[in-house]
Amino acid sequence: MAAATAAQPRSSKTESYVDNKRKEDIRQANIKAARAVADAVRTSLGPKGMDKMISTANGEVIITNDGATILNKMEVLQPAAKMLVDLSKSQDAAAGDGTTTVVVIAGALLKQCLLLLTNGIHPTVISDSLHKASTKAVDVLTAMAVPLELSDRESLIKSASTSLNSKVVSQYSTLLAPLAVDSVLSVVDPAKPDMVDLRDIKIVKKLGGTVDDTELVKGLVFDKKASHAAGGPTRMENAKIAVIQFQISPPKTDIEQSIVVSDYTQMDRILKEERNYILGMIKKIKTTGCNVLLIQKSILRDAVTDLSLHYLAKAKIMVIKDVERDDIEFITKTLNCLPIANIEHFRAEKLGHAALVEEVSLGDGKIVKVTGIKDMGRTTTVLIRGSNQLVIDEAERSLHDALCVVRCLVSKRFLIAGGGAPEIELSRQLGAWSKVLHGMEGYCVRSFAEALEVVPYTLAENAGLNPIAIVTELRNRHAQGEINAGINVRKGQITNILEENVVQPLLVSTSAITLATECVRMILKIDDIVNVR
Amino acid sequence: MAIEKILKDDASEEKGERARMASFVGAIAITDLVKTTLGPKGMDKILQSTGRGHGVTVTNDGATILKSLHIDNPAAKVLIDISKVQDDEVGDGTTSVVVLAGELLREAEKLVAAKIHPMTIISGYRMAAECARNALSQRVVDNKENAEKFKSDLMKIARTTLSSKILSQDKEHFAQLAVDAVMRLKGSTNLEAIQIIKKPGGSLMDSFLDEGFILDKKIGLGQPKRIENAKILVANTAMDTDKVKIYGARVRVDSMSKVAEIEGAEKEKMREKVQKIIAHGINCFVNRQLIYNFPEELFADAGVLAIEHADFDGIERLALVTGGEIASTFDNPESVKIGHCKLIEEIMIGEDKSIHFSGVEMGQACTIVLRGASHHVLDEAERSLHDALCVLSQTVNDTRVLLGGGWPEMVMAKEVDELARKTPGKKSHAIEAFSRALVAIPTIIADNAGLDSADLVAQLRAAHHKEGCNAGIDVISGSVGDMAELGISESFKVKQAVLLSATEAAEMILRVDEIITCAPRQREDRM
């Protein structure tokens, strides 16, 4: 430190910091709590990372490797620890992957900060230097990155597999990675080529089979069976599909009403009227040529009754009921049709067309598939299968991460090596840069550089390798100019990681570093916890 | 002869010395709590809610901290109130005002201990405050005439305000944002027209200013996603059937077809309402309440863009910026004022879709979209930006500008010191004390930055002994610097409000010689 201050003699007076006991205690407590959170997820980093089993308060069990999910379920109370949980959520929102990495980096940064604080450096100085270091880090990463074309399907698949390799479902990465790539590419709108709305990709989970049976469906999948009540059709070719938001059941008014029945003949008449009423509606539907009905769930009254189902079956109309209102937008977009809210507006031009609507038995349940849709909107559906609910849920989370990875690549078309290579390279370059800086800043940047080594260190540790040997070896290789040398966890040695096809989107790495730094800076600046209403 | 009981059970009374002591202690405790947040190197606080959910807020804003404290000391409450008033009036300086009032009281405590009557102290403080204000108003810079210079003044003020907040790293960017937004207002202080939207994700640098208005809602199904020259009707009306709102009203019918008829009539009513709305000649309809499937389809058929379930705040602003009125009946199309804008379209912010109204009637309106790592960051960024906007809009009206960095306090202290020397009698002690309280502010700023405050303040005082000096504390280099060169400015209005309200609050607390605590109301559910 003496050497650092010598360059700028005045700074010794300005940047030192005397803390009083209470503030120091609070800061220490915050940092310790945040590090405890980081330590909890540390072991799940990397392809050989372990999973965590979480049993929630309501007795549910979740097994996952996804940092965001683990932290989300941890129910931490300490405010600083909570900030780390939020940090992982932000990373999830920004990049979708790297949720564990971001927390691990934040933990390592905090550890270094504690050291700096005990040396008496003012927290705002640390905070400012961290900011500078992170901006520099992003520059370094961007310089390392390899540009990518969206047409390069191979590279996209590679990066999706890197993300999937660290998950429970890693053995299926050869299946899931192309699937993720295809589904994202199919929803990219040519008008806005760098925007992907993941809501256009619907994930349907169905128990039974294995993850191997997971498939991409060009069309729609409903996780419910067609209505069988009256032996209606379950397969329809050349389907004309209507999405209706009204009900085919006896009328019901908003005003409370009651029908007064005074004798037997009247009762008969009422029954007949009801029948005619429904028949009238179904005839109207039939005249438009519609043969598949998707009926929105209704809370006010039954969407369909046994009677109407019976008539619909007679009219050879396939019925899928209880479609959620939230799904309507997705469905209408996919089918390229309009929802119909009133029987009066039931016209042929509002229908959607598909080559085949069919009910398929899967395991113990049934699903309805709509394929061969005419003028299909830019949406896609993925049907996930698995032998038990835990596997399915984890597969969904992993697929979500993989989708996010591909999305990142679509919005920022750069790839970067994985396997700890970028972190070591950053550490090296920032370390060199810190020697040029004056005063406390240089000291803080050096700590930042050291903190980044935590990623390769943890990767090696989780893979059962000797972390110190690996990290020093890595440093050595990077110093010799092999900027893509990284840990090859499978072989347990250091290789050129780009050649091993371990790649990840640039956005994941840059956002991990900037978000972690921002969070650490916020924790550093806190000197008191006040209880309020 | 003892009087048995004057006050109710549990009510207590504290008199004279003890009462004054209690006020001093309370006020000083509050001051000590917030004083570490003062200045560019001030620290943040975590506010941990003891309510449900244990929500966490991280903030540097004095008003926010004080507002949420549990306080049982009457004098401390007075201080919290002045900070609130400061927040409402000028928006910034909420910490400074409390710190100054606290320091005034700290000085007063010493004087009271030296057997000077509180009234003497008060009159001394008053004279000092008057003198300090005059000193300030003589040294103001007013660039009202020169638009170019005035804008740079605004930028300086924005930067100074933001530098003590979370936005300090990106202060250049945000100062520009705030100045642009305020310049659009053209002198009005109606901050309603500036909408702030927070979207998690991205970094703070991704925040941007957008002309027009952004509504965080979705466009109904099957409706146009882009409308040019939109005529907008803003409404707050129920779009389901007009129910008879008498409890227990019911109709009796004797056949199913009658029920169908009633249902048909209900539908017809909805259709009529929609047609009435469409008859206003609009192509965009925004409702605060839900629009159900049926009317939504009718709107879609008519090619009208319908937005349902906009929040209260949203429609009020929308009505304001588009120049429309919120309607709830649609019988007289001519009496309803319809809003206009050039273009409505759907845009993506981060991952979410929003509806963007551009080219709105009220040209001042604009939207600032904040992006940031987490909700904590965004909330704090919003508070900081709000402070900056308040100060700027006040400065546009009162264009007088001062230097910052402890410069105004030193200028005032010097004048007040001189007044003390001229004033005969015990009052001069009070005036001197006032000057010491003023100097406390630069001292605290220096302390927070980890600097040697005693040394710096002494240097500063010496520098100010020369006429027309611009010296203040340069926290970054840790020395006395020229504030005009460093571009650190503050609004005169803020400083004046700090000075006057702090003096008033201190005076109010000093006058107290008895505290009567009323018996708390009994509550059973107390733990």
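One can find the structure itself at the top, above this paragraph.
Parameters and conventions
- The residue count restarts for each chain, going from 1 along the sequence in the order it is written.
- To read the labels, note that chains go from A and ligands from 1, taken in the order they are written.
- Under the rules for a predicted model, residues below a pLDDT of 70 receive no local features and side-chain atom pairs below 80 are neither given nor counted, while totals for whole chains, interfaces and linings still include all residues.
- Hydrogens and water are ignored here; the side-chain numbers use all heavy atoms of the structure.
- Comment: elements are numbered from the N terminus, with helices defined as DSSP H or I runs of at least four residues and strands as E runs of at least two.
- Whether a residue is buried, partly exposed or exposed follows from its accessible area with a 1.4 Å probe, protein chains only, as a fraction of its type maximum: under 20%, in between, or over 50%, in that order.
- Whether two residues are in contact is decided by their heavy atoms, any of which lying within 4.5 Å being enough.
- Using the Shrake-Rupley algorithm and a 1.4 Å probe, accessible areas are obtained, with residue cover drawn only from the displayed protein chains.
- His residues and chain termini do not enter the charge count, which takes Lys and Arg as positive and Asp and Glu as negative.
- By convention, the point assigned to a charge is CZ for Arg, NZ for Lys, CD for Glu and CG for Asp.
- Two strands qualify as a pair provided DSSP detects at least 2 bridges between them.
- To obtain an axis, a line is fitted to C-alpha atoms, over the contacting stretch when the element is a helix, and the angle between two such axes runs from 0 to 180 degrees between their N-to-C directions.
- We call a set of buried residues a nonpolar core when its members are Ala, Val, Leu, Ile, Met, Phe, Trp, Tyr or Cys and they connect through side-chain atoms within 4.5 Å of each other.
- Here the expected span of a helix is defined as 1.5 Å times the quantity of residues minus one.
- A 3.5 Å cut-off defines polar contacts: any pair of N or O atoms within that distance qualifies, except that in protein one atom must be a possible hydrogen donor and the other a possible acceptor, and neighbouring residues in sequence count only when both atoms are side-chain atoms.
- Count a disulfide wherever a pair of cysteine sulfur atoms falls within 2.5 Å.
- The term buried area refers to how much accessible surface (probe radius 1.4 Å) is lost by two components on association, counted for both of them together.
- The rule for a salt bridge is simple: a side-chain nitrogen of Lys or Arg has to be within 4 Å of a carboxyl oxygen of Asp or Glu.
- Any residue that is not Ala, Val, Leu, Ile, Met, Phe, Trp, Tyr, Cys, Pro, Asp, Glu, Lys or Arg is counted as polar, Gly included; the first ten are nonpolar and the last four charged.

(A) Region of the structure containing the overall build of chain A. From N to C terminus, chain A includes 18 helices and 19 strands. C-alpha atoms of chain A, sized along the principal axes, occupy 105 × 55 × 40 Å. Out of the 533 residues belonging to chain A, those deemed buried represent 58%. Partitioning the intrachain contacts of chain A with sequence separation of at least 6 by distance along the chain shows that 78% fall at a separation of at least 24. Counting only carbon and sulfur atoms, one obtains 52% of the accessible surface of chain A, whose full area is about 21,900 Å². In chain A, which carries 65 positive and 63 negative side-chain charges, the distance between the mean positions of the two groups comes to 2 Å.

(B) Quick look at the sheet that holds strand β4 (residues 201-207) of chain A. All names here are of chain A. The sheet built from three strands is open, its strands ordered β4-β14-β5 with mixed pairing. A strand with exactly one partner marks an edge of an open sheet, and here the two such strands are β4 and β5 (215-217). Across this sheet, the average inter-strand angle for adjacent strands is 25°, counted without regard to direction. Alignment of β4 against strand β14 (residues 380-386), held across seven bridges, turns out to be parallel. Opposite isoleucine 201, over in β14, you have threonine 380 as the bridge partner. Along the sheet face, helix α13 (residues 389-411) touches β4 and β14 and points at about 160° away from the line of β4.

(C) A look at the nonpolar core. Ranked by internal contacts, the top residues of the largest apolar core, which has 188 residues, are Leu84 of chain A together with Phe434 of chain B. Broken down by element, this core gets its largest block of residues, 12 residues, from helix α6 (residues 99-118) of chain A. Setting aside chain neighbours within four positions, we find leucine 84 of chain A in contact with Ala34, Val37, Ala38, Leu71, Val103, Ala106, Cys519 and Ile523 of chain A. Counting residues in hydrophobic clusters, the runner-up holds 33 residues, among them Val181, Val382, Leu399 and Cys404 of chain A.

(D) Molecular detail of helix α5 (residues 79-94) of chain A. Residue and element names in this part refer to chain A. The end-to-end C-alpha separation of α5 is 22 Å, in line with the 22 Å expected for 16 residues at 1.5 Å each. Of all 16 residues in α5, 12 are buried; the element is thus mostly enclosed. Every buried residue of α5 is accounted for by Pro79, Ala80, Ala81, Lys82, Met83, Leu84, Val85, Asp86, Leu87, Ser88, Ser90 and Gln91. Two or three places before alanine 80, at the opening of α5, glutamine 78 has a side-chain oxygen 2.8 Å from that residue's backbone nitrogen. Positive phi shows up at glycine 96, right after α5, with a value of about 85°.

(E) Broad picture of the state of the cysteines. All names here are of chain A. Taken as a whole, this structure holds zero disulfides over all chains when the rule is applied. Between cysteine 444, a cysteine without a disulfide, and cysteine 113, which holds the nearest cysteine sulfur, the sulfur-to-sulfur distance is 7.9 Å. Note on cysteine 444: relative accessible area 1%, which makes it buried.

(F) Representation of the sheet that holds strand β3 (residues 56-59) of chain B within the structure. Sheet architecture is open: three strands sit in the order β19(A)-β2(B)-β3(B), paired in mixed fashion. Only two strands of the sheet have a single partner each, and these edge strands are β19 (526-532) of chain A together with β3 of chain B. When strand polarity is set aside, the average angle formed by the axes of neighbouring strands in this sheet is 20°.

(G) Structural context of the pairing of strand β7 (residues 235-244) of chain A. Residues and elements named next belong to chain A. Relative to strand β12 (residues 352-362), β7 runs antiparallel, the two sharing six bridges. Among the inter-strand pairings, methionine 236 is bridged to a residue of β12, identified as valine 357. As paired strands, β7 and strand β9 (residues 292-296) are joined by four bridges and run parallel to one another. Bridging across to β9, valine 243 finds its partner in leucine 294. Sheet topology places β7 next to strand β11 (residues 339-340); two bridges connect them, and they run parallel. The partner of valine 243 across the bridge, within β11, is proline 339.

(H) Just the interface of chain A and chain B, in detail. In this complex, chain A contributes 73 residues to the contact, which on the side of chain B involves 75 residues. Between chain A and chain B, the buried area comes to about 6,600 Å², and carbon and sulfur atoms account for 53% of it. On the surface where chain A and chain B come into contact, there are two salt bridges. Among the ionic pairs, lysine 45 of chain B bridges to aspartate 528 of chain A, the shortest N-O distance being 3.7 Å. Summed over the shared surface of chain A and chain B, the number is eight residue pairs in polar contact (both at pLDDT 80 or more). When its residues are assigned to classes, the side of chain A that touches chain B shows 28 nonpolar, 17 polar and 28 charged. Looking at chain direction, β19 of chain A and strand β2 (residues 44-49) of chain B are connected through six bridges and run parallel. Bridge pairing in β2 of chain B places isoleucine 526 of chain A opposite aspartate 44 of chain B.

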